[in-house]
Every structure is written in C-alpha cells, then in structure tokens.
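Spelled out from the first residue to the last, the chains are:
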Amino acid sequence: MKIITSLKLASIATLGFILGIVLFFPWQSIGDYVMSRWLAVAAENGIYATVEGCDAEGLIDKEFVYQSITADFPVFRFSVGEIRVNPAFISSLLSRKFSCSVKLGRGEIMPVTRQKLEWTSASAAIFVEKEFISVRDIAFFGNFSARGFFEISRETGQILRANMVLHLPEDMDRAFEMLSRSGMVPLTKIKTGEWKVER
C-alpha cells in the first residue's frame, strides 16, 4: 500500500514538474530567437525580410504567431499578415527531427511584373531532415491556389523533389512562362491559368 501511495505521489510530482516547465518556460524568448535567426539567414542569402512582432499563445499546445511579415526576393516580394507556427514537440523529440504545422493568413506575392498573386489562407506541414527540408500538404486558397509538396536541399536551396499544381489569374501566364524558361523552377503549363511544378 505504501509503495502504491509513493508511486502516486511521484507521478503527481513529475506531472507537476513537467507542467511547471511548460507553463513558465520563456516561450516568447524562443519565438523571438527563432525570428532573429530566420532574419539573419535570409539576409545572408540576399533576402531582406522584416517581421513586425511575435507572440506565443496557448497553455500546453504552444503556437508562435508572427505578424506582418515581408520578404524581398530578387524577382518578387512576399508579404503576409500573419503566420502561425505550431511545433510538434513530442513527435520531434521522438523522431529527433524537427517538424511543425504552419498556417498563413491573407497575403500576396508581388513579382517584378507588378501583377499580384493573392491568397486568403494557406497551410502546410514542414519536416526538417538531415539533408533536406520537406514541405508537405501545401494548400493555398484565393485567386492564387496551390496544392502539393516540395523538398529543398539544406545545402544548396535547390528543389530536389516536387509535385504541385498551381492555379493563378490568366494574366500571370506570361510571367510564369518567363520563369519556366529561366530554369529556376521546374514549371510546366497544363492550360491557361494552371501550372505544375514537378521534379
């Protein structure tokens, strides 16, 4: 009987300790650190990015919320009102590979042709492997929509594998034809306003 009571007390103490860590861990600081590292890596690769703010939400199921993100790439500008990142802590610890789900609010991509690709919402799952980053279950909704997946090399940033179908305004076809001819992205035109990224 004393052993059972001792085990119960040990279990309660362990649970209390874990809950204490989860509740009082400086999650906001973690979110700020990740944001600063991402901005630094982007700058090293010639991408000027800004983030207006970061919050950590949720008691147990933590979610990092980044507001007003913009990123200037060589041929387009990416901007989104909000990005929510939900790290899969338990599965990441068990597999020793970081993974998370990402949700995007309303946003747009503005290419040099000044014709916007806009979406109302988007989501994806990200898995960080040893040699590549896999972005799966991609779903964009709006006048620009997309579904599929891609994998990029952590060393070179090149697309290793991809299978995505994109729907976009017909007046964007010319810009995508130029992008396809450049060889930067493995793009194939299916029909007017519909393209496929495949490798």
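Because the structure is predicted, anything quoted here is derived from the model rather than measured.

Asks: I'm lost on the overall build of the protein chain in this one. Help?
Replies: Along the protein chain, the regular secondary structure elements total four helices and 12 strands. Scored against the burial criterion, the 199 residues of the protein chain give a buried share of 32%. Total accessible area on the protein chain is roughly 12,900 Å²; 61% of this is exposed by carbon and sulfur atoms.

Asks: Got a minute to help me understand the nonpolar core in this structure?
Replies: General note: in soluble globular proteins, nonpolar side chains tend to be found buried as a group. By size, the foremost hydrophobic cluster in this structure holds 36 residues, and its most contacted members are Leu 104 and Leu 166. Every residue in contact with Leu 166, bar those within four places of it in the chain, is listed here: Phe 144, Ser 145, Ala 146, Phe 176, Leu 187, Gly 193, Glu 194, Trp 195 and Val 197.

Asks: Please explain unusual backbone geometry as it appears in this structure.
Replies: Peptide bonds are trans in most cases, and residues, glycine excluded, mostly fall at negative phi. Located in the positive-phi region is Ser 68, a residue other than glycine, with phi close to 50°. Position of Ser 68 relative to the elements: it lies in strand S2 (residues 63–72).

Asks: Sorry, what's going on with the confidence of the model for the protein chain here?
Replies: Interpretation of the predicted coordinates at a detailed level should be avoided for regions scoring low in pLDDT. Scored by pLDDT, the protein chain has a mean of 82; 81% of the residues are at 70 or more. Contacts for the low-pLDDT stretch residues 15–24, under 50 throughout, to residues beyond four places or in other chains number eight contacts.

Asks: What should I look at first to understand the pairing of strand S3 (residues 76–87) in this one?
Replies: Two faces, one strand: in a regular strand the side chains alternate between the faces of the sheet. Where S2 meets S3, eight bridges bridge the pair, whose relative direction is antiparallel. The residue bridging Thr 70 from the neighbouring strand is Ser 79, located in S3. Between S2 and S3, which pair antiparallel and follow one another directly, the connecting turn spans three residues. Pairing geometry for S3 and strand S4 (residues 99–104), over five bridges, is antiparallel. Residue pairing in the sheet places Pro 87 in a bridge with Cys 100 of S4.

Asks: How do you make sense of the side chain of Ser 153 when you look at a structure like this?
Replies: Along the polypeptide, Ser 153 turns up in strand S9 (residues 145–153). Judged by relative accessible area, which is 12%, Ser 153 ranks as buried. At 3.2 Å, the side chain of Ser 153 and the backbone nitrogen of Thr 156 are in polar contact. Once residues lying within four places of it in the same chain are set aside, the contact partners of Ser 153 are Glu 131, Phe 132, Gln 158 and Leu 160.

Asks: Would you mind going over the side chain of Glu 129 with me for this structure?
Replies: With respect to the helices and strands, the residue Glu 129 is situated in the loop between strand S7 (121–128) and strand S8 (132–141). Here Glu 129 falls in the buried class, since its relative accessible area comes to 16%. The contacts of Glu 129, once residues within four sequence positions are left out, are Lys 97, Arg 136 and Arg 154.

Asks: Would you mind going over the pattern of salt bridges with me for this structure?
Replies: A pair can form between side chains of opposite charge whenever their charged atoms are brought close. Taken as a whole, this structure holds 10 salt bridges when the rule is applied. Of the charged contacts in the structure, one is a salt bridge between Asp 72 and Arg 77, with a shortest N-O distance of 2.5 Å. If you follow the salt bridges from partner to partner, you end up with Glu 57, Glu 63, Glu 82 and Arg 84 in one network.

Asks: Is there a simple way to think about the environment of Leu 104 in this case?
Replies: Positionally, Leu 104 belongs in strand S4. The buried category is assigned to Leu 104, whose relative accessible area is 14%. Considering only alpha carbons, one finds Leu 104 and Trp 119, 15 residues apart in sequence, at a separation of 9.2 Å. Excluding residues that lie within four positions of it along the chain, Leu 104 makes contacts with Phe 78, Val 80, Glu 82, Ile 83, Trp 119, Ser 121, Ala 122 and Phe 140.

Thresholds, definitions, all that
- Residues numbered from 1 in each chain as written.
- Predicted model: local features only at pLDDT ≥ 70, side-chain atom pairs only at ≥ 80, totals over all residues.
- Heavy atoms only, no water.
- Helix = DSSP H or I, 4+ residues; strand = E, 2+ residues; numbered from the N terminus.
- Buried < 20%, exposed > 50% of the residue type's maximum accessible area, 1.4 Å probe, protein only.
- Areas by Shrake-Rupley, 256 points an atom, 1.4 Å probe, with all protein chains shown as cover.
- Core = buried A, V, L, I, M, F, W, Y, C linked by side-chain atoms within 4.5 Å.
- Contact = heavy atoms within 4.5 Å.
- pLDDT = per-residue confidence, 0-100.
- Pairing = 2+ DSSP bridges.
- Polar contact = N/O pair within 3.5 Å; in protein donor to acceptor, adjacent residues only side chain to side chain.
- Salt bridge = Lys/Arg side-chain N within 4 Å of Asp/Glu carboxyl O.

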